[in-house]
Amino acid sequence: MNAETLGAVRRFLPQIVALFAILAINTAVFPGFLDITVQNDRFYGSLIDILNRGAPVALLAIGMTLVIATKGIDLSVGAVMAICGAVAASGVAGGGSVAMAVTTALVVGVACGAWNGMLVAMLGIQPIVATLILMVAGRGIAQLITEGVILTFNNEGLAFFGSGSIFALPVPVLLWIGMGVLVAFVVRRTALGLLIEAIGVNRRAATLSGVNSHVLLITVYMISGLCAAIAGVIAAADIRGADANNAGLWLELDAILAVVIGGTSLLGGRFTLLGSLIGAMIIQSINTGILSSGFPPEFNLIIKAVIILLILVIQSPALRTFVVFWRGPKEEVFDKEQSAP
Amino acid sequence: MLFKSALAGATMLASAVLGTSVASATTVGFSQIGSESGWRAAETTVTKKEAEKRGIDLKFADAQQKQENQIKAIRSFIAQGVDAILVAPVVETGWDSVLEEAKDAEIPVILLDRTIKASDDLYLTAVTSDQVHEGKVAGNWLVEAVGNKDCNIVELQGTTGSSPAIARKKGFEEAIAGSENLEIIRSQTGDFTRTKGKEVMESFLKAEDGGKNICALYAHNDDMALGAIQAIKEAGLKPGEDILVVSIDAVPDIFKALAAGEANATVELTPNMAGPAFDILEAYLADGTTPEKWIQTESKLFTQADDPMAVYEEKKDLGY
């Protein structure tokens, strides 16, 4: 293991420990949890389910991480999912080609992001308010597109995005990993990531130093819209229908949670895409674990809340200071006292 | 003065004449909750159709989920002097004063689909389904379908704590209580949605030996069943054969699944609550026949043998 990966492991230690702890608990509660078999030419098992079912939140978390890094937040992603799912479904239901339907859905997602970005960057509306507009209106727009019903389709091509597989892996898994790698590559191999962080730390200072914060902010919200659009297409393809009322419902909150668990601060600045993706998988591991455990559903939300509370407590700065104080530099402090005259 | 009373007399005469002609074309006000679900949209469509069929002049008011809008609508119906009022009440309480006004104006009120907490002399009757009974019908079908075989059932519940979820669970459990070969081995909420229905079914299949251990699925609504059917197919099993599928609501899409042999039975929550209500109303207006305080709508069972595609064609344009 080289120094770089060791550093990454150390940085994400709390997240990785949390993820493995949850998987261990899941395995203890349900022994077959880690089994992976090949069925119908594709991998099959609870671990694959976690990767597959976690796809929407993971995708949303990618966009959300960048938005949060600019000290913003995007509450509209769940509603954008519903809109884009509806656009894709109505495209194929109306007899259009799959490529056309998916492209339209992605363009609509990017346009939704551009709308959010303009409200934030040009009009200076606070992000939480600016994106709240589309969060509320978005489901209405989606319902207009589906005409208030669950718009079903029988197009194998579109369904492929939800339940198809390539190299024995479900397509949604490949999509979120691919998108994660692509975005990470673009922001980390160029100065883009640094500029995004600069806006998040101090937008005015960044602008004065020559960062075009308007363009960059709008772009970031557009990426978030694009991620939401992909997630929306997956959600619609998965059930072969666009459910305007329920697609992506409350997922914006899960996405924000994934980003926070991953270690990105809501105050903007430094961000980590890998952390957010691990965060998304932690959330989905909890969900899948609860489902396979066989506990009565009345416990679902409480179990989830307690586990997330534990993870956040472990990561909290207060606890870290306490641990450092209690264990690490104790001798150092002692030494200093000794050396004092 | 003389002129005035003559005018009043003429107006009265005119209204009496008009009144008789109106009596043949009954005017009914209908205060609907809104259109929050496909089922409710279908209820609105069916109510309008039923009224048209009977030559009833229906005044429709959409309350957009707000009680104050419903109260306003009822007051305006009273002011317009309608012959009867249908209400699908959005909440259970707070209806006393407005229903009192309707009673004073001698306008009968019929509750549709939901009941209220108020003195029962304030309304003529309530037409609703019995959700415990719906669960029972589903359970009875399954008991008959499996016969003496051992059968492990997985259950997809509605939103935890919601009244249809509690009632449909209770009814189903009562129906299978007498048969020891039937057992619910797993029960989890699918929030009444397709996505969650599919996700939860996937976990059931994994947890129960790839689904080999499951003989039947009972879903509290059709949407969850439709999601679960896809999960079963993706796990390499045949829904409808390897795993029996029974659910409740009878939305159009489940009839496609029935026709394809992927679902086995559904229990209808009929959107036609207005039909029975209009029948009662006609009898009441004709000779004052007072109905029972609660009219239970039929919870009809549909199986693959009931020509599902024909039912689908019938239902698909109702606005579900």
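Coordinates for the structure precede this section.
> Give me the overall build of chain A: which residues, what numbers.
The helix and strand tally for chain A stands at 17 helices and six strands. Rg of the C-alpha trace for chain A: 22 Å, near the compact-globule value of 20 Å for 341 residues, within the 12% margin. Expressed as lengths along the three principal axes of its C-alpha atoms, the size of chain A is roughly 85 × 55 × 40 Å. Within chain A, the proportion of its 341 residues that are buried is 50%. Long-range pairs, those at least 24 residues apart, make up 76% of the contacts in chain A with a sequence separation of at least 6. Total accessible area on chain A stands at roughly 16,100 Å², and carbon and sulfur atoms take up 71% of it. Computing the positive centroid from 17 side-chain charges and the negative centroid from 17, chain A places the two 9 Å apart.

> Could you give an account of the overall build of chain B, with specific residues and numbers?
What chain B contains, in helices and strands, is eleven helices and twelve strands. Principal axes of the C-alpha set define a box for chain B whose edges measure 95 × 35 × 30 Å. For chain B, the proportion of its 320 residues judged to be buried stands at 53%. Sequence-distant contacts in chain B: of pairs separated by 6 or more residues, those separated by 24 or more amount to 75%.

> Report on the sheet that holds strand 2 (residues 57-62) of chain B, specifying residues and quantitative values.
Residues and elements named next belong to chain B. Read across the sheet, six strands follow the order 2-1-3-4-5-11 without closing on themselves; strand pairing throughout is parallel. Two strands lie at the open edges of the sheet, namely strand 2 and strand 11 (294-296), each paired on one side alone. Along the sheet, successive strands turn relative to each other by an average axial angle of 20°, direction set aside. One ladder, built from four bridges, connects strand 1 (residues 27-32) with strand 3 (residues 84-87); its direction is parallel. Residue pairing across strands places Gly29 opposite Ile85, the latter belonging to strand 3. On the sheet, helix 3 (residues 67-80) packs against strand 1, strand 2 and strand 3 and is oriented at approximately 175° with respect to strand 1.

> Got a sec to walk through the pattern of salt bridges? Specific residues and values, please.
As enumerated under the stated definition, the model contains 29 salt bridges over all chains in all. Ionic pairing is found between A:Arg188 and A:Glu197, a salt bridge with its closest N-O pair at 3.5 Å. Since its relative accessible area comes to 15%, A:Glu197 is described here as buried. A salt bridge links B:Glu262 to B:Lys233; its shortest N-O distance comes to 3.1 Å. With B:Glu262 in the loop between helix 9 (252-259) and strand 10 (265-268) and B:Lys233 in helix 8 (residues 222-234), this residue pair connects regions lying 29 residues apart in the sequence. Connected via shared salt-bridge partners are A:Arg53, A:Asp238, B:Lys198, B:Glu202 and B:Glu234.

> So what's going on with the interface of chain A and chain B? Residues and values would help.
Across the contact, 28 residues belong to chain A and 29 residues belong to chain B. Both faces combined, the contact of chain A with chain B buries some 2,500 Å², and carbon together with sulfur accounts for 48% of it. Ranking the residues of chain A by area buried against chain B places A:Tyr44, A:Ile239 and A:Leu291 at the top, with a combined share of 26%. Along the contact surface separating chain A from chain B lie three salt bridges. Between B:Lys206 and A:Asp49 there is a salt bridge; the shortest N-O distance is 2.7 Å. If you look at where chain A meets chain B, you find nine residue pairs in polar contact (both at pLDDT 80 or more). Put simply, the parts of the chain that give the side of chain A that touches chain B at least two residues each are helix 3 (46-53), helix 12 (213-239) and helix 14 (273-293) of chain A. Counting residues per element, the side of chain A that touches chain B draws most heavily on helix 14 of chain A, which supplies six residues. Residue classes in the side of chain A that touches chain B are distributed as nine nonpolar, 14 polar and five charged.

> Give a description of the packing of aromatic side chains that names residues and reports values.
Residue and element names in this part refer to chain B. Evaluated as defined, the whole model comprises three aromatic pairs over all chains. Aromatic side chains Phe172 and Tyr218 sit 3.8 Å apart centroid to centroid with 10° between the ring planes, which places their arrangement in the stacked category. Taken as a pair, Phe172 in helix 6 (residues 163-176) and Tyr218 in strand 8 (residues 216-219) lie far apart in primary sequence, 46 residues in all. Taking the ring centre of Phe60 as reference, the NZ or CZ of Lys48 above it sits at 4.3 Å. When the ring centre of Tyr123 is taken as reference, the NZ or CZ atom of Lys293 above it lies at 5.3 Å.

> Residues and numbers for the pairing of strand 4 (residues 109-112) of chain B, please.
Residues and elements named next belong to chain B. Because side chains alternate across strand 4, one face comprises the buried residues Val109 and Leu111, and the other comprises Ile110 and Leu112, equally buried. Judged from the three bridges that link them, strand 3 and strand 4 form a sheet pairing that is parallel. The partner of Ile85 across the bridge, within strand 4, is Val109. In terms of handedness, the path from strand 3 via helix 4 (residues 96-104) over to strand 4 forms a crossover that is right-handed.

> Lay out empty space enclosed by the protein with the relevant residues and their values.
Per the counting criterion, the structure on display carries three cavities of 30 Å³ or more. Every residue lining the largest cavity is counted, 14 residues in all, and those nearest its centre are A:Arg42, A:Tyr44, A:Asp49, B:Glu202 and B:Lys206. At the level of elements, strand 2 (42-44) and helix 3 of chain A together with helix 7 (194-207) and helix 8 of chain B are the ones that each hand at least two residues to the lining of the largest cavity. Within the lining of the largest cavity, the residues separate by chemical class into seven nonpolar, two polar and five charged.

> Tell me about the sheet that holds strand 10 of chain B, residues and numbers included.
Residues and elements named next belong to chain B. Taken in spatial order, the six strands of this open sheet run 7-6-8-9-10-12, and their pairing is mixed. Edge positions in the sheet fall to strand 7 (182-189) and strand 12 (301-303), since each has one partner strand and no second. When strand polarity is set aside, the average angle formed by the axes of neighbouring strands in this sheet is 20°. With four bridges joining them, strand 8 and strand 9 (residues 244-249) adopt parallel strand pairing. The residue bridging Leu217 from the neighbouring strand is Val245, located in strand 9. Helix 8 rests against strand 6 (151-157), strand 8, strand 9 and strand 10 of the sheet, and its axis sits at about 160° to strand 9. Across the sheet, helix 9 lies against strand 9, strand 10 and strand 12, angled at about 155° from strand 10, the strand it touches most.

> Which residues make up the layout of surface pockets, and what values do they have?
Any space left empty among the atoms is revealed by the rolling of a water-sized probe across them. Counted as a void, the second largest pocket has a volume near 1,100 Å³. Secondary structure elements with two or more residues in the lining of the second largest pocket: helix 3, helix 4 (55-69), helix 12, helix 13 (251-262), helix 14 and helix 15 (300-315) of chain A together with helix 7 of chain B. Looking at the lining of the second largest pocket element by element, the count peaks at five residues for helix 12 of chain A. Its residues placed into classes, the lining of the second largest pocket shows 17 nonpolar, 13 polar and nine charged.

> I'd like to hear about the state of the cysteines, residue by residue, with values.
This model, assessed by the stated rule, comprises one disulfide over all chains. Here B:Cys151 pairs with B:Cys215 through a disulfide, and the sulfurs are 1.8 Å apart. Negative torsions about the S-S bond denote left-handed disulfides, and the value of about -85° found for B:Cys151 with B:Cys215 makes this one left-handed. Placement of the pair is B:Cys151 in strand 6 and B:Cys215 in the loop between helix 7 and strand 8, with a sequence separation of 64 residues. Both residues of the pair, B:Cys151 and B:Cys215, count as buried. There is no disulfide at A:Cys84, and the cysteine sulfur nearest it, in A:Cys112, is 5.6 Å away. Judged by relative accessible area, A:Cys84 falls into the buried class, the value being 0%. This cysteine, A:Cys227, is not joined by any disulfide, and A:Cys84 carries the nearest cysteine sulfur, 11 Å off.

Thresholds, definitions, all that
Residues numbered from 1 in each chain as written. Chains lettered and ligands numbered in written order. Predicted model: local features only at pLDDT ≥ 70, side-chain atom pairs only at ≥ 80, totals over all residues. Heavy atoms only, no water. Helix = DSSP H or I, 4+ residues; strand = E, 2+ residues; numbered from the N terminus. Rg over C-alpha atoms; globule rule 2.2 N^0.38 Å. Buried < 20%, exposed > 50% of the residue type's maximum accessible area, 1.4 Å probe, protein only. Contact = heavy atoms within 4.5 Å. Areas by Shrake-Rupley, 256 points an atom, 1.4 Å probe, with all protein chains shown as cover. Lys, Arg positive; Asp, Glu negative; His and termini not counted. Charge placed at Lys NZ, Arg CZ, Asp CG, Glu CD. Pairing = 2+ DSSP bridges. Axes fitted to C-alpha atoms, helices over the stretch in contact; angles between N-to-C directions. Salt bridge = Lys/Arg side-chain N within 4 Å of Asp/Glu carboxyl O. Buried area = accessible area lost by both parts, 1.4 Å probe. Polar contact = N/O pair within 3.5 Å; in protein donor to acceptor, adjacent residues only side chain to side chain. Nonpolar A, V, L, I, M, F, W, Y, C, P; charged D, E, K, R; others polar. Phe/Tyr/Trp six-rings, centres within 6.5 Å; stacked < 30°, edge-to-face > 60°. Lys NZ or Arg CZ within 6 Å of the ring centre and 35° of its normal. Right-handed = clockwise from strand over helix to strand, strands pointing away. 1 Å grid on protein atoms, 1.4 Å probe; cavity = no way out; pocket = protein on both sides within 12 Å on 5 of 7 lines; lining within 4 Å. Points joined across faces, edges and corners; volume = space filled by probe spheres on them. Disulfide = S-S within 2.5 Å.

The values reported here are purely geometric and, on their own, carry no functional implication.
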